[in-house]
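# Structural features, examined
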Amino acid sequence: MSDSAEFIEPMPDAAPVDQPGAQPPPAPLQTPRSVSRRKRVLLAKPRGYCAGVDRAVQTVEHALDHYGAPVYVRKQIVHNLHVVRSLEARGAVFVEETDEVPEGSIVVFSAHGVAPEVHAEAASRNLKAIDATCPLVTKVHNEARRFAAEDYDIVLIGHEGHEEVIGTTGQAPASIRLVDGPDDVPNVEVRDPERVVWLSQTTLSVDETLQTVDALKVKFPKLQSPPSDDICYATQNRQAAVKAIAPQVELFLVVGSANSSNSVRMVEVALAAGARQAHLVENATAIQPKWLTGVTSVGLSSGASVPEILVSEVADWLAEHGYGDLEEVNHTEERLVFALPQELRRDMRLTPKA
Ligand code: SF4
């Protein structure tokens, strides 16, 4: 876990699935498909914002309130266009790299995490850096550095080019080998097959990752596993909720952006679990009416970086098209909350508002 003591977990009775033994049984669906012919929407819960995204967005909002605009943000703070545009309207300036930020300015690092060299570059330009990396990504960073220090080769399961993968690889570039799914396993080479451990991106498909691990274990029988799941509680819970609903619907809509890994995985999970169609939609305007042909039941959820307003607009669109009967299907309660980055909390405590 993050060493920054930023974790608040007020979850006595409904912990996320990455807490051992804490997974409550899925709530039974209230209306089985076999007894319903009415047009309806099954709305998955949990959906939308996770604790890491909520913290990252709040970090930028509080930074704008405290320091005043502009506050620079390296990369999209979370992978959602609506969120980015909303923060831009308040004075956030999104850049790709720190060298675009004027010397001495404030820069926020996104929830996906950064390599150590990004911190070093920010320091060399006299930037005030606020790190909004999700603590569950920081946990993977810490694991990577620890296993590298113990001279392991680390097989990182993840998608090449994704910001989180770049940030994690940067923790120990000489020790990490990336594998992008089970088909990529034959290409993995390590120095010592007796000393290999796997880690993963936090937002992967749970099932596909298990397939990749199984294939890795065939190739490296001494493969070690991380101390705890790297696929985060939010990814797991959202996929499980989609899985529970998908066999009962002809169409599944996932609200999310195309560059949101966890949102894309939810579409794949819906299809694999039995939905006849599944589509990723940025917002209600992206829905194609022809998708509704012959559809009685629609599943609806959203990725971990999606504000609820976008889901409400999709639900309204569906209601206008005859699907006004909406049931929320509660799979798992989530109450996880992360504190704001400590450098921001310290400034908010010690210095008056700019
Ligand atoms: S999806 Fe998981 S790892 Fe990513 S920000 Fe949310 S809680 Fe953190």
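Residues numbered from 1 in each chain as written. Predicted model: local features only at pLDDT ≥ 70, side-chain atom pairs only at ≥ 80, totals over all residues.

## Quick word on the overall build of the chain
- Scanning the chain from N- to C-terminus turns up ten helices and 14 strands.
- Counting only residues that meet the buried cut, the chain has 46% of its 354 residues in that class.
- Here the contacts in the chain between residues at least 6 apart in sequence split such that 78% fall between residues at least 24 apart. (Helix = DSSP H or I, 4+ residues; strand = E, 2+ residues; numbered from the N terminus. Buried ≥ 20, exposed ≤ 12 C-beta atoms within 10 Å, placed from the backbone. Contact = placed C-beta atoms within 7 Å.)

## A short note on the sheet that holds strand β12 (residues 297-302)
- Read across the open sheet, the five strands follow the order β11-β10-β12-β2-β13; overall the sheet is parallel. The sheet is open, and its two edges are formed by β11 (277-281) and β13 (325-330), each paired on a single side. With direction set aside, neighbouring strand axes in the sheet form an average angle of 20°.
- Here helix α7 (residues 233-245) sits on the sheet in contact with β2 (40-45), β12 and β13, set at roughly 155° to β2.
- Packing against the sheet, helix α9 (residues 308-320) makes contact with β2, β10 (251-255), β11, β12 and β13, and its axis sits at approximately 165° to β12. (Pairing = 2+ DSSP bridges. Axes fitted to C-alpha atoms, helices over the stretch in contact; angles between N-to-C directions.)

## Brief notes about the pairing of strand β8 (residues 176-179)
- Bridge count between strand β7 (residues 153-157) and β8: four bridges; the pairing is parallel. Along β8, the bridge assignment pairs Leu156 with Leu178.
- What joins β7 to β8 is helix α5 (residues 163-169), and the crossover it makes is right-handed. (Right-handed = clockwise from strand over helix to strand, strands pointing away.)

## Here we look at the sheet that holds β7
- The strand order β8-β7-β9 describes an open sheet built from three strands, whose pairing is parallel. Because the sheet does not close on itself, it has two edges, and the strands there are β8 and β9 (196-200). The sheet shows a mean angle of 30° between the axes of neighbouring strands, taken without regard to direction.
- Relative to β9, β7 is paired through five bridges, and the arrangement is parallel. Paired with Val155 across the two strands is Trp198, which belongs to β9.

## A closer look at unusual backbone geometry
- Of note, the amide linkage connecting Lys45 to Pro46 takes the cis form, showing an omega dihedral of 10°.
- Within the secondary structure layout, Pro46 lies in the loop between β2 and α1 (51-67).
- With an omega dihedral of 0°, the bond running from Ala69 to Pro70 counts as a cis peptide bond.
- Residue Asn126 is not a glycine yet carries a positive backbone phi of 60°.
- Structurally, Asn126 is set in the loop between α3 (116-124) and β6 (128-131).
- Under the C-beta neighbour-count criterion, Asn126 is labelled exposed, with 10 such atoms within 10 Å.
- Despite not being glycine, Asp151 has its phi angle at roughly 65°, a positive value.

## Some remarks on the environment of Val295
- As for its position among the elements, Val295 is in the loop between β11 and β12.
- Distance from Val295 to Val249, taken between C-alpha atoms, is 8.0 Å for residues 46 residues apart in sequence.
- In contact with Val295, other than residues within four places in its own chain, are Glu250 and Leu251.

## Quick look at the site of the ligand
- Lining the immediate environment of the ligand, one finds 15 residues, of which Cys50, Gly52, Cys134, Thr202 and Cys232 sit closest.
- Elements supplying a minimum of two residues to the shell around the ligand: α1, α4 (135-149) and α7.
- Counting residues per element, the shell around the ligand draws most heavily on α1, which supplies three residues.
- Grouping the amino acids of the shell around the ligand by side-chain chemistry returns ten nonpolar, five polar and no charged. (Near = placed C-beta within 6 Å. Nonpolar A, V, L, I, M, F, W, Y, C, P; charged D, E, K, R; others polar.)

## Quick look at the nonpolar core
- In this structure, Val60, Val71, Ile77, Val108 and Ile154 are the most contacted members of the largest nonpolar core, which totals 62 residues.
- Tallying contributions element by element places α1 first for this core, with seven residues.
- Ignoring sequence-local partners within four residues, the contact set of Val60 consists of Val71, Val73, Ile77, Leu87, Ala92 and Val108.
- Counting residues in hydrophobic clusters, the runner-up holds 36 residues, among them Val41, Val255, Ala278 and Val314. (Core = buried A, V, L, I, M, F, W, Y, C linked by C-beta atoms within 7 Å.)

## Quick look at the packing of α7 against helix α8 (residues 261-272)
- Packing of α7 against α8 leaves a shortest axis separation of 9 Å and a crossing angle of 30°. On the basis of the axis angle, α7 is roughly parallel to α8. For the crossing formed where α7 meets α8, the hand is right-handed. Of the residues in α8, those touching α7 at Thr235, Arg238, Gln239, Val242 and Lys243 are Asn262, Arg265, Met266, Val269 and Ala270.
- Here the residues of the contact of α7 with α8 are counted per class, giving four nonpolar, three polar and three charged. (Parallel < 35°, antiparallel > 145°, perpendicular 65-115°, else oblique. Left-handed = near helix turned anticlockwise from the far one by under 90°.)

Just distances and angles here, no functional claims.
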